[in-house]
Amino acid sequence: GNSRRIADNSSRHAVRQAFSYAAHRKPPRAAFLNGALLIETSLEPLPLLDWTQEVERLGGRRRDEVWGPRTIDIDIVLMSDVVLRSPRLELPHPRSAYRRFMIEPAAEIAPEWIHPHVGWTLRELDQFLRTTPCYAVIVGGATAEREALVQRVQERVSLRWLRRADSMSLAALH
């Protein structure tokens, strides 16, 4: 089956120990374990997604509710320098640049990997997320609207910002 196919087409390079992170959802949820795995595979993104969803199903995952509790959740965060937008999968993961629980384990096993949307290494992103006391994510709307909002904020406070022109900005307030 799919599990055998991934084994035949992939090799594991690094695994990061799982650590507990607090869930930030309402209603409150239990903390979760998060880790990272770096593999080399000949699979294309969508067949790899099919495989991860099969592993989730075998792990007891049910997709009854969006953002609902789950026994297992496997995300493809980055895949080489692939940038993909499809109804089933977006690469890099659309919120990866500002989610410490995604970047921290990935930076541990692939620190020099460059995030294709922001142009920073995973080490730089991890450092940014660890040391920035306050940051805001600006999503939605047209690029010009987001940039105008960032300009208005910059007039009032000192900030440094990452920018992904097609869908998000991340402003670090100092």
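Residues numbered from 1 in each chain as written. Predicted model: local features only at pLDDT ≥ 70, side-chain atom pairs only at ≥ 80, totals over all residues. Heavy atoms only, no water.

Some points on the overall build of the protein
Convention followed: Secondary structure elements follow DSSP: runs of H or I no shorter than four residues count as helices, runs of E no shorter than two count as strands, and numbering proceeds from the N terminus. Throughout, exposure labels follow a simple rule: accessible area from a 1.4 Å probe, protein chains only, divided by the maximum for the residue type, with under 20% read as buried, over 50% as exposed, and the rest as partly exposed. Throughout, a residue-residue contact means that at least one pair of heavy atoms, one from each residue, lies within 4.5 Å.
Tallying secondary structure elements over the protein gives 5 helices and 7 strands in all. Counted from the first residue to the last, the protein has its helices and strands arranged as α-β-β-α-β-β-α-α-β-α-β-β. In the protein, which comprises 174 residues, the share counted as buried stands at 34%. Within the protein, counting contacts between residues at least 6 apart in sequence, those at least 24 apart form 54% of the total.

Description of a nonpolar patch on the surface
Short version of the rule: Exposure above 30% relative accessible area and the absence of a salt bridge qualify a residue for a patch, where like charges join within 9 Å and nonpolar side chains (Val, Leu, Ile, Met, Phe, Trp, Tyr) within 5 Å. Using a 1.4 Å probe, accessible areas were evaluated by the Shrake-Rupley method; residue-level cover was limited to the displayed protein chains. A carboxyl oxygen of Asp or Glu within 4 Å of a side-chain nitrogen of Lys or Arg is what we treat as a salt bridge.
The grouping of Leu149, Val153 and Val157 at the surface amounts to a nonpolar patch, some 180 Å² of accessible area in total. Along the polypeptide, valine 157 turns up in the loop between helix H5 (143-156) and strand E6 (159-164).

Concerning the nonpolar core
Threshold: In this description, a nonpolar core means a group of buried Ala, Val, Leu, Ile, Met, Phe, Trp, Tyr and Cys residues linked to one another through side-chain atoms lying within 4.5 Å.
By size, the foremost hydrophobic cluster in this structure holds 14 residues, and its most contacted members are Ile103, Val118, Trp120, Leu122 and Leu125. Elements with a minimum of two residues in this core: helix H3 (100-109) and helix H4 (122-131). Core analysis: the next-biggest nonpolar cluster, separate from the first, contains 8 residues, Leu48, Leu49, Ile76 and Leu91 among them.

So, the side chain of aspartate 126
Tracing the backbone shows aspartate 126 in helix H4. Not counting the four nearest positions on each side in its chain, aspartate 126 is found in contact with Ile103, Glu104 and Ala107.

Re the confidence of the model for the protein
Threshold: Think of pLDDT as the predictor's per-residue confidence, scored from 0 to 100.
On average, the protein scores 78 in pLDDT, and the residues at 70 or more come to 71%. pLDDT under 50 marks residues 1-7. Its contacts with residues more than four places away, or in other chains, come to 12 contacts.

Examining the packing of H3 against H4
The condition that has to hold: In this analysis an axis means a line fitted to C-alpha atoms, helices contributing only their contacting stretch, and an angle means the value between N-to-C directions, from 0 to 180 degrees. With respect to orientation, any angle under 35 degrees is reported as roughly parallel, any angle over 145 as roughly antiparallel, any angle of 65 to 115 as roughly perpendicular, and every other angle as oblique. In this scheme the handedness of a crossing depends on how the near helix is turned from the far one: anticlockwise by less than a right angle means left-handed, clockwise means right-handed. In the scheme used here, Gly and all other residues not listed as nonpolar or charged are polar, with Ala, Val, Leu, Ile, Met, Phe, Trp, Tyr, Cys and Pro taken as nonpolar and Asp, Glu, Lys and Arg as charged.
Two elements in contact, H3 and H4, have axes whose closest approach is 9 Å; the angle formed by their N-to-C orientations is 135 degrees. Classed by the angle they form, the pair H3 and H4 counts as oblique. Handedness of the crossing formed by H3 with H4: left-handed. Side by side, H3 and H4 meet where Arg100, Ile103, Glu104, Ala106 and Ala107 of the first sit next to Leu122, Arg123, Leu125, Asp126, Leu129 and Arg130 of the second. Its residues assigned to classes, the contact of H3 with H4 shows 6 nonpolar, no polar and 5 charged.

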